[in-house]
Amino acid sequence: QVQLVESGGGLVQAGGSLRLSCAASGSIFSINDMAWYRQAPGKQRELVAVITSGGNTHYADSVKGRFTISRDNAKNTVYLQMNSLKPEDTAVYYCNAHILARSDYWAYYWGQGTQVTVSS
């Protein structure tokens, strides 16, 4: 089965940087959009950044200019470079991908999440 596994989270001070990775594995034929979401305790999950199969990107206003999403199609991996981190960036970060599995249907898949904590 398809699964997404995030890594790279941790504890950093405000102004610091982290790079998150999310690798997809399993019976994958093709991957369309890949995205990062985040969710703070008691808050709604929100979209952080999206990258299409063609490399087009979109960012939430709150992270634009600080975060960069990228992908390595050969590795089925999406990255999120997070710079100039702020305490309000603290959340569990989840990757999401629209994937055509070898079972021949498109579906969205979620990673398990990785904690990012930014201290002031």
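Residues numbered from 1 in each chain as written. Predicted model: local features only at pLDDT ≥ 70, side-chain atom pairs only at ≥ 80, totals over all residues. Heavy atoms only, no water.

> Please provide a residue-by-residue account of the state of the cysteines, values included.
For the structure on display, the rule yields one disulfide. Paired by a disulfide, Cys22 and Cys95 hold their sulfur atoms 1.8 Å apart. Between Cys22 and Cys95, the S-S dihedral sits near 45°, and the bridge is therefore right-handed. Residue Cys22 is located in strand β3 (residues 18–25), and its partner Cys95 is located in strand β9 (residues 91–101); the two are separated by 73 residues in the primary sequence. Cys95 shares its class with Cys22; the two are buried. (Disulfide = S-S within 2.5 Å. Helix = DSSP H or I, 4+ residues; strand = E, 2+ residues; numbered from the N terminus. Buried < 20%, exposed > 50% of the residue type's maximum accessible area, 1.4 Å probe, protein only.)

> Mind laying out the sheet that holds strand β8 (residues 77–82), listing which residues take part and the relevant values?
Across the sheet, which stays open at both edges, the four strands sit in the order β1-β3-β8-β7 with antiparallel pairing between neighbours. One side of each edge strand has no neighbouring strand; the edge strands of this open sheet are β1 (3–7) and β7 (67–72). Strand-to-strand twist across the sheet, computed as the mean angle between neighbouring axes with direction ignored, equals 15°. (Pairing = 2+ DSSP bridges. Axes fitted to C-alpha atoms, helices over the stretch in contact; angles between N-to-C directions.)

> Which residues make up the nonpolar core, and what values go with them?
One finds Trp36, Leu80, Tyr93 and Ile99 to be the most contacted residues of the largest nonpolar core, which totals 34 residues. Here this core takes six residues from β9, the largest share from any one element. Once residues within four sequence positions are removed from consideration, Tyr93 is found in contact with Glu6, Leu20, Trp36, Tyr37, Arg38, Val48, Phe67, Leu80, Met82, Gly113, Thr114 and Val116. (Core = buried A, V, L, I, M, F, W, Y, C linked by side-chain atoms within 4.5 Å. Contact = heavy atoms within 4.5 Å.)

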